Amino acid sequence: MKLGVVGLPNVGKSTLFNAITHAGAEAANYPFCTIEPNVGVVAVPDERLDKLAALYNSKKVTPAVVEFVDIAGLVKGASRGEGLGNKFLSHIREVDAIVHVVRCFEDENVTHVENTIDPIRDIETINLELILADIEAVQKRMDRTRNAARGGSDKGAAREFSFLEKLLAHLEAEQPAGSYPLTEEEAPLMQALFLLSAKPVIYCANIAEKDMGEAGERTPLVLKVKEYAHRHHAETIVICAKTEEELSAMDEEDRALFLEEFGLKESGLDKLVRASYSLLGLISYLTAGEKETRAWTIVKGTKAPQAAGKIHSDFEKGFIRAEVVDWETLLECGGLNGAREKGKVRSEGKDYVMKDGDVVLFRFNV
């Protein structure tokens, strides 16, 4: 999973990125501090892995990972090349979802490109730039398709051109591609365009340290972001990027005490990963043993053979069955043999839909 961390200059993007990746990207107080995208790969927090690894005394523990890309601050006119312009936009096309950091704090020592704090204005500034860039991409695609569609002999080109005309009108009404009412026939055409405004979004409301805790979830600026996200079918998380950076430097025990002091159940990274999995419809199944305990990320609804293919293509080709047990049941039974003795291990076939937390042993023959 690859997430692009974006936002206007000086909203806390690089500070958040530093916190979740320990990458140390410079976070100075001036626009375009981040010129090249900083990339960091972080482990997905998963207590299940540690418990299973302890049960099996595993030599290796391999968590699922998320790749974060910290991208330079965007300004008005980026789609026309203002600021870092299209250089920024090209990096966005490569990510699975966008983490849009929105400033929800007042601080006279941190400048704002618009000189005032207005999270909805900031959100719409970036969203409009993404739509304008998509308009240009659709127009270019129409230019390439027009001649083939004009004669009428190429029915596929004619259908595509008709779709592009409708999509262009939708975008020109300043509506994101993600809200276009796709038909089943149009879905692959949309997917092939890799449009920026079609990507799922998590709005990350960045609050002040004084607003940490439950109160921070209800500040006027945060409530505005939540309401906007709800209307646009997006996720919202509330974090204090500055505090997250401090947390990232603590050991596990101190971090737990710090979170408890503020009445927080999880860190910003935990929130972000959970929201990302939810937004993209992802789950993890697990494999466990003496050699390795590992989490495998799959799309919700994936069937057993395709899940097996995540490990190796031969597992999918020669799939026979999957021996499945819930991770908590496996722990209670003291391992796979104990679970078998108690009749807790299920033998599942090709139509089995994987569930989050399944511990699986795949049987295959090639």
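Just so it is clear, the structure is predicted and the values come from calculations on it, not from any experiment.

Trainee: How should the layout of surface pockets be read in this particular structure?
Mentor: Picture a little ball the size of a water molecule; that probe, rolled over the atoms, points out where space is still empty. Estimates place the volume of the largest pocket at around 1,100 Å³. Surrounding the largest pocket, 33 residues form its lining, Val44, Pro45, Asp46, Ser267 and Asp270 being those nearest its centre. A breakdown of the residues in the lining of the largest pocket according to their chemical character gives 17 nonpolar, 4 polar and 12 charged.

Trainee: Could you clarify how one ought to interpret helix α2 (residues 47-56) in this entry?
Mentor: Each full turn of the α-helix corresponds to 3.6 residues, which orients residues three or four apart in the same direction. Every buried residue belonging to α2 is among Arg48, Leu49, Leu52 and Ala53, and all of these are buried. Down the axis of α2, the buried side of the element spans an arc of 125 degrees, and every buried residue falls inside it. Residues of α2 that are exposed and angled more than 90 degrees away from the buried face: Glu47, Asp50 and Ala54. The secondary structure elements touched by the buried residues of α2 are β3 (60-62), β8 (282-287), β9 (292-299), α13 (327-333) and β12 (358-364). Directly after α2, the chain includes Asn57, whose backbone phi takes a positive value near 55 degrees.

Trainee: I would appreciate a short explanation of the pattern of salt bridges in the present structure.
Mentor: Once the charged atoms of two side chains with opposite charge are near each other, the side chains can pair. Counted according to the given criterion, the structure contains 22 salt bridges. Note that Lys166 and Glu186 form a salt bridge whose closest N and O atoms lie 3.1 Å from each other. Of this pair, Lys166 sits in helix α5 (residues 155-172) while Glu186 is found in the loop between α5 and α6 (187-193), placing the two residues 20 residues apart along the sequence. The salt bridge involving Arg346 is made with Glu348; its shortest N-O contact spans 2.9 Å. With a relative accessible area of 19%, Glu348 lands in the buried category. When salt bridges with common partners are traced through the structure, they connect Arg321, Glu323, Arg340 and Arg363 into a single cluster.

Trainee: Would you explain helix α1 (residues 13-21) in this entry?
Mentor: Of all 9 residues in α1, 9 are buried; the element is thus mostly enclosed. Of all the positions in α1, only Lys13, Ser14, Thr15, Leu16, Phe17, Asn18, Ala19, Ile20 and Thr21 are classed as buried. After α1 finishes, the residue His22 shows a positive phi value of roughly 55 degrees.

Trainee: When you look at unusual backbone geometry in this model, what are you seeing that I'm missing?
Mentor: Phi at Asn10 takes a positive value of approximately 65 degrees, unusual for a residue other than glycine. Mapped onto the fold, Asn10 is located in the loop between β1 (2-6) and α1. You can call Asn10 buried: its relative accessible area is 11%. Backbone geometry places Glu174, a non-glycine residue, at a positive phi of 60 degrees. Position of Glu174 relative to the elements: it lies in the loop between α5 and α6. According to the relative accessible area criterion, Glu174 is exposed, its value standing at 53%.

Trainee: I tried to follow the state of the cysteines on my own but got confused; where do I start?
Mentor: Here is the idea: a disulfide is a covalent bond, and it sits between the sulfur atoms of two cysteines. Here the structure, examined in full by the defined rule, presents 0 disulfides. Not engaged in a disulfide, the cysteine Cys204 finds its nearest cysteine sulfur in Cys104; these two sulfurs lie 9.2 Å apart.

Trainee: Would you mind showing me how to read the nonpolar core here?
Mentor: Side chains of nonpolar character tend, in soluble globular proteins, to be buried together. Judged by nonpolar contacts, the single largest core of 67 residues is most densely connected at Phe68, Cys104 and Tyr203. Ignoring sequence-local partners within four residues, the contact set of Tyr203 consists of His100, Val102, Ile123, Asn127, Val225, Tyr228, Ala229, Ala234, Glu235, Thr236 and Ile237. Residues Ile135, Ala149, Phe161 and Leu193 belong to the second largest nonpolar core, which totals 17 residues.

Trainee: I keep staring at the packing of helix α8 (residues 241-248) against helix α9 (residues 252-261) and nothing clicks. Help me out?
Mentor: Two measures define how a pair of helices packs: the angle their axes make with one another and the distance between the axes. Their axes nearest at 9 Å, the elements α8 and α9 cross at an angle of 150 degrees. As the angle between them shows, α8 and α9 are arranged roughly antiparallel. Contact residues: α8 offers Thr243, Glu246, Leu247 and Ser248, while α9 offers Arg255, Phe258 and Leu259. Within the contact of α8 with α9, the residues separate by chemical class into 3 nonpolar, 2 polar and 2 charged.

Thresholds applied
- Residues numbered from 1 in each chain as written.
- Predicted model: local features only at pLDDT ≥ 70, side-chain atom pairs only at ≥ 80, totals over all residues.
- Heavy atoms only, no water.
- 1 Å grid on protein atoms, 1.4 Å probe; cavity = no way out; pocket = protein on both sides within 12 Å on 5 of 7 lines; lining within 4 Å.
- Points joined across faces, edges and corners; volume = space filled by probe spheres on them.
- Nonpolar A, V, L, I, M, F, W, Y, C, P; charged D, E, K, R; others polar.
- Buried < 20%, exposed > 50% of the residue type's maximum accessible area, 1.4 Å probe, protein only.
- Helix = DSSP H or I, 4+ residues; strand = E, 2+ residues; numbered from the N terminus.
- Arc of directions from axis to C-beta.
- Contact = heavy atoms within 4.5 Å.
- Salt bridge = Lys/Arg side-chain N within 4 Å of Asp/Glu carboxyl O.
- Disulfide = S-S within 2.5 Å.
- Core = buried A, V, L, I, M, F, W, Y, C linked by side-chain atoms within 4.5 Å.
- Axes fitted to C-alpha atoms, helices over the stretch in contact; angles between N-to-C directions.
- Parallel < 35°, antiparallel > 145°, perpendicular 65-115°, else oblique.

Geometric values such as these leave the question of function open.
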